Amino acid sequence: MVKGVALSARGLVLRYRRTGDVLRGADLDLRAGEVVAFVGLNGAGKSTLLRALAGLLAPAEGTVLLDGRPLAARSRAECARAIAFVPQALAALPPATVRRFVLGGRYAHLDFWRTPRAADHAAVERALHAADILGLRDRPLAELSGGELQRAMFARALAQEAGVLLCDEPVAALDLPHQLGILDLLAGLAGEGCTVAFSTHDLNLAAQYADRVVVLHGGAIRAQGPPGEALDAGVVREVWGARVCVDRTADGRVRITPARSVSW
C-alpha cells in the first residue's frame, strides 16, 4: 500500500431519519502509521462512523477531511484510491468468483475503457495471499463460508492499495488463527505508513493491537487515547457495566475479563 494520509472529522453529526442522531459533535483524527480501534456497545455508532469516514454516508453536520481537504469535494474514484473500506457483510452476493470479486477492488485504478493490466492482477494475487484465500480464488462467492467471505472482502480492500484502510468488525466471523493473522496484517500495514482503523466488540483485541482506542457511548466519543487510558476501569464500568473486571497483564497491557458477579 502507498503511504497513509490523514483522515479527520470535525464537528461530525451523524443522523438517520427514523432513529435520529447516532453521533453528535465528534472530532477525530486518524494518523498515518497508527492503528485505531473503535469500541462501544451495539448501536453506539461504530459502523456509522466508519461509513462516514469512508465517504459512504453524508454527515448531517460537520465535515470529513482527507489530507486536509473535504472528502465531499473529491470524486468517488479519488476517494477509492485513498480509502478502502471493509464492511461487515454484503447486501447481496454478486455471481462472481473470489478472484473476480477481489479484482473489483482495482476499479479506481482503471480507466473506463482499459482492461486490467499485469500490475492489477499482481495486486489481486498479493491481496489473496495476504488474506489467506489464494486457494479459493476460483471458488464462487456463494460457496464460501462466512469466515471465507469475510476474508474475501478484506482481500478486495487490500487490492485497492489505498493509504487508509477502514474495517468494520473485520475479524468477527473468523477463527482465532485468522483473527490474529488479519490483525497482524493491519499492524504491519500501519508500520508501513498506512492509516488503519477497525471496529470490534473484543476489548482485549483492541487493547492488544490498537495504538489508540476510541470509545463511543451515548451518541458521543466518550474517551479516546492509548488503550491504558481509554479503557481504564472507570470508562469500562460506565460503558459496559459492572460485570467485567479490568486489570493489567505483567507487561502492562489492559486486560478485560467478564465476571458473573463483581463488587466494585
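In what follows, the structure referred to is the one given above.
The structure displayed is predicted, hence computed values, not measured ones.

What about the pairing of strand S3 (residues 35–40)?
And step 1. Counting buried positions over the 6 residues of S3 gives 6, a clear majority of the element.
And step 2. Here S3 shows a buried face lined by Val35, Ala37 and Val39 and a second buried face lined by Val36, Phe38 and Gly40.
And step 3. As paired strands, S3 and strand S8 (residues 195–199) are joined by 4 bridges and run parallel to one another. Directly across from valine 35, in S8, lies its bridge partner valine 196.

Examining the sheet that holds strand S1 (residues 7–16)
And step 1. Read across the open sheet, the 4 strands follow the order S2-S1-S4-S5; overall the sheet is antiparallel. Across the chains shown, the open sheet's two edge strands, defined by having one partner strand only, are strand S2 (20–30) and strand S5 (69–70).
And step 2. Where strand S4 (residues 61–66) meets S5, 2 bridges bridge the pair, whose relative direction is antiparallel. Looking at S5, one finds that leucine 66 is bridged to arginine 69.
And step 3. Helix-sheet contacts for helix H1 (residues 46–53) involve S1, S2 and S4, and the interaxial angle to S1 is about 125°.

Looking at the side chain of serine 199
And step 1. Relative to the helices and strands, serine 199 is located in strand S8.
And step 2. Looking at serine 199, its side chain comes within polar contact range of the side chain of aspartate 168, at 2.8 Å.
And step 3. Engagement of the side chain of serine 199 in a polar contact is seen with the backbone nitrogen of glutamate 169, the distance being 2.8 Å.
And step 4. Not counting chain neighbours up to four residues away, the residues in contact with serine 199 comprise Phe38, Lys46, Leu50, Cys167, Asp168, Glu169 and Pro170.

Calculation notes
- Residues numbered from 1 in each chain as written.
- Predicted model: local features only at pLDDT ≥ 70, side-chain atom pairs only at ≥ 80, totals over all residues.
- Heavy atoms only, no water.
- Buried < 20%, exposed > 50% of the residue type's maximum accessible area, 1.4 Å probe, protein only.
- Helix = DSSP H or I, 4+ residues; strand = E, 2+ residues; numbered from the N terminus.
- Pairing = 2+ DSSP bridges.
- Contact = heavy atoms within 4.5 Å.
- Axes fitted to C-alpha atoms, helices over the stretch in contact; angles between N-to-C directions.
- Polar contact = N/O pair within 3.5 Å; in protein donor to acceptor, adjacent residues only side chain to side chain.

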